[in-house]
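Structural overview
Residue-level listing of the chains:
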Amino acid sequence: MRVVVVGAAGYIGGELLRLLIGHPEVEVVGAVSSRFPGKRVDGVHPNLRAATDLLFCSADEVDECDAVFLALPHRAVMTQIEYWSQRAKLVFDLTGDFRLDDADVFERYYGTEHQAPHLLDAFVPGLPELHRERLRGADLISVPGCMAMAGVLALLPLVMHDLIDTEAGVQLDARTGSSGSGSTAGPANLHAERSGAMRVFAPTSHRHEAEISQHLGMPVSMTATGVEAVRGVQSIGHPTLRPGVGKAAIRRAYREQYAEEPFVRVVAHQRGIFRYPDPKILLGTNFCDVGYALDEDTGRLTTIGALDNLVKGGAGNAVQCLNIRMGWPETFGLTFPGLHPL
């Protein structure tokens, strides 16, 4: 399969290249960058030295291909979708442009009118654990945001097994590393400003809360904090349990929901320093670890989801969706288990 990565000089673009270059069924025939056309890919992504001789190219140099992955800034894809959909049958959008199915909600969270609202319903959410069957026939796929993915997967078993009060909604506390801001971030991501900081950059109304609400069908309030890490997302949730729900029902819901999922692991150990989901041991992997803790005296439940924002929260999840769409083994190109210690 001939694929092109657009926005290939960014962090997500680099991870797409890393995964797709090593994919047994894929040939990367284009790495589009408006900043570095004609430059070697491994000059920007040094981890790809000896893995590829690709040069970055401009958008107008791209011929027809089988699939295109759009790792562009938010709000860019909706103005370019017609151009790229004419060049590839399969389009994977890794921005927020087509994650929401309501144009008014999009305008509220992204601060601008949607430029292609007629296509919002055409995109299938790239969330295999919830939309696998729809992905098998999808030509337009919108990959969820990293914090949205962690939040949804941590809460999904409780919603699907009707263990929480969805009308009461959920409060989420999401923490993210600096790579979530991209490779061309502004002054807030300078080392002198970020090092040692735990900066609340979205106390309310972060765009990912709209995604989570859409997927789970419940009100969501989210606070997002930047922490001193390069990669990783951790989402902490506080849902309201239905009366009479105990630890056994919660355990059964998680085990049943994810028994057949190749990239979701339930982590709820009694002891050990990694007894709850921690993004540190997930770096470079396509796994999302989910877990929970229940205070049986008060009935207060805490959910935890962790992943690498650039892989399961971005590029890796897009490749997983490609595998599903093409009928290949879902784990193709995604079996790296992570490193420890790191």
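Residues numbered from 1 in each chain as written. Predicted model: local features only at pLDDT ≥ 70, side-chain atom pairs only at ≥ 80, totals over all residues. Heavy atoms only, no water.

A tally of helices and strands in the protein chain yields ten helices and 14 strands. The C-alpha radius of gyration of the protein chain comes to 20 Å, within 12% of the 20 Å expected for a compact globule of 342 residues. Seen along its three principal axes, the alpha-carbon backbone of the protein chain occupies a region of about 65 × 45 × 40 Å. Put simply, the protein chain has 342 residues, and 53% of those count as buried. Excluding contacts between residues fewer than 6 apart, the proportion of contacts in the protein chain whose partners are at least 24 apart in sequence is 69%. Of the roughly 15100 Å² of accessible surface on the protein chain, a fraction of 49% belongs to carbon and sulfur atoms. Across the protein chain, the mean location of the 31 positive side-chain charges is 7 Å away from that of the 40 negative side-chain charges. (Helix = DSSP H or I, 4+ residues; strand = E, 2+ residues; numbered from the N terminus. Rg over C-alpha atoms; globule rule 2.2 N^0.38 Å. Buried < 20%, exposed > 50% of the residue type's maximum accessible area, 1.4 Å probe, protein only. Contact = heavy atoms within 4.5 Å. Areas by Shrake-Rupley, 256 points an atom, 1.4 Å probe, with all protein chains shown as cover. Lys, Arg positive; Asp, Glu negative; His and termini not counted. Charge placed at Lys NZ, Arg CZ, Asp CG, Glu CD.)

Scanning the entire structure with this criterion turns up 15 salt bridges. The residue E15 makes a salt bridge to R231 at a minimum N-O spacing of 3.1 Å. With E15 in helix α1 (residues 11-21) and R231 in the loop between β10 (220-226) and β11 (233-239), this pair connects stretches of sequence that are 216 residues apart. What makes R231 partly exposed here is its relative accessible area of 25%. The partner of R99 in a salt bridge is E211, and the shortest N-O contact between them spans 3.5 Å. Here R99 is found in the loop between β5 (88-93) and α4 (103-110), whereas its partner E211 is found in helix α8 (residues 207-216), with 112 residues between them in sequence. Its relative accessible area of 9% is what places R99 among the buried residues. Owing to a relative accessible area of 1%, E211 belongs among the buried residues under this scheme. Among the charged side chains, a network of salt bridges with common partners joins E15, R18, R231 and D308. (Salt bridge = Lys/Arg side-chain N within 4 Å of Asp/Glu carboxyl O.)

Time to look at helix α6 (residues 146-160). Along an α-helix, a turn takes 3.6 residues, which lines up residues three or four apart on a common side. Taking 1.5 Å of rise per residue, the 15 residues of α6 would be expected to cover 21 Å, and the 21 Å separating its terminal C-alpha atoms lies within 8% of that figure. At A154, α6 shows its strongest bend, of approximately 35 degrees, with the proline P157 following within four residues. Looking at the residues trailing α6, positive phi occurs at D162, about 55 degrees. (Expected span 1.5 Å × (residues − 1). Bend = angle between axes of the 7 residues up to and from the residue.)

Before going further, it helps to examine the side chain of H208. Structurally, the position occupied by H208 is in helix α8. A polar atom in the side chain of H208 sits 2.8 Å from the side chain of E211. Those residues in contact with H208 that lie beyond four places of it in its chain are R99, G145, C146, M147, A148 and M222. (Polar contact = N/O pair within 3.5 Å; in protein donor to acceptor, adjacent residues only side chain to side chain.)

Read across the open sheet, the seven strands follow the order β9-β10-β8-β11-β14-β13-β12; overall the sheet is mixed. Each of the sheet's edge strands pairs with one partner strand only, and the pair in question is β9 (199-202) and β12 (264-266). For this sheet, the mean inter-axis angle between neighbouring strands, taken without regard to orientation, is 25 degrees. The sheet contact formed by strand β8 (residues 170-176) and β10 spans seven bridges and is parallel. Note on β10: the bridge partner recorded for D173 is T223. Sheet strands in contact with helix α9 (residues 247-258) are β12, β13 (288-295) and β14 (300-307), and its direction is about 170 degrees off that of β13. (Pairing = 2+ DSSP bridges. Axes fitted to C-alpha atoms, helices over the stretch in contact; angles between N-to-C directions.)

What the seven strands build is an open sheet, ordered β3-β2-β1-β4-β5-β7-β6; its pairing is parallel. What marks the edges here is a single partner per strand, and that holds for β3 (56-57) and β6 (124-125). Note that strand β1 (residues 2-6) and strand β2 (residues 27-32) share five bridges and pair parallel. Paired with V4 across the two strands is G30, which belongs to β2. Relative to β5, helix α3 (residues 77-85) is tilted by about 160 degrees, and along the sheet it contacts β1, β2, β4 (65-70) and β5.

Among the surface-exposed residues, F336, L339 and L342 lie close enough to one another that they form a single nonpolar patch of about 280 Å² accessible area. Residue classification places L339 among the partly exposed residues on the basis of a relative accessible area of 46%. (Patch = residues over 30% accessible without salt bridge, like charges linked within 9 Å, V, L, I, M, F, W, Y side chains within 5 Å.)

Contact geometry for α4 and α8: axes closest at 8 Å, N-to-C directions at 150 degrees. Between α4 and α8, the crossing angle belongs to the class labelled roughly antiparallel. Both α4 and α8 take part in a crossing whose hand is right-handed. The residues of α8 that touch α4, namely those facing V105, Y109 and Y110, are R207, E209 and A210. For the contact of α4 with α8, the class distribution of residues is four nonpolar, no polar and two charged. (Parallel < 35°, antiparallel > 145°, perpendicular 65-115°, else oblique. Left-handed = near helix turned anticlockwise from the far one by under 90°. Nonpolar A, V, L, I, M, F, W, Y, C, P; charged D, E, K, R; others polar.)

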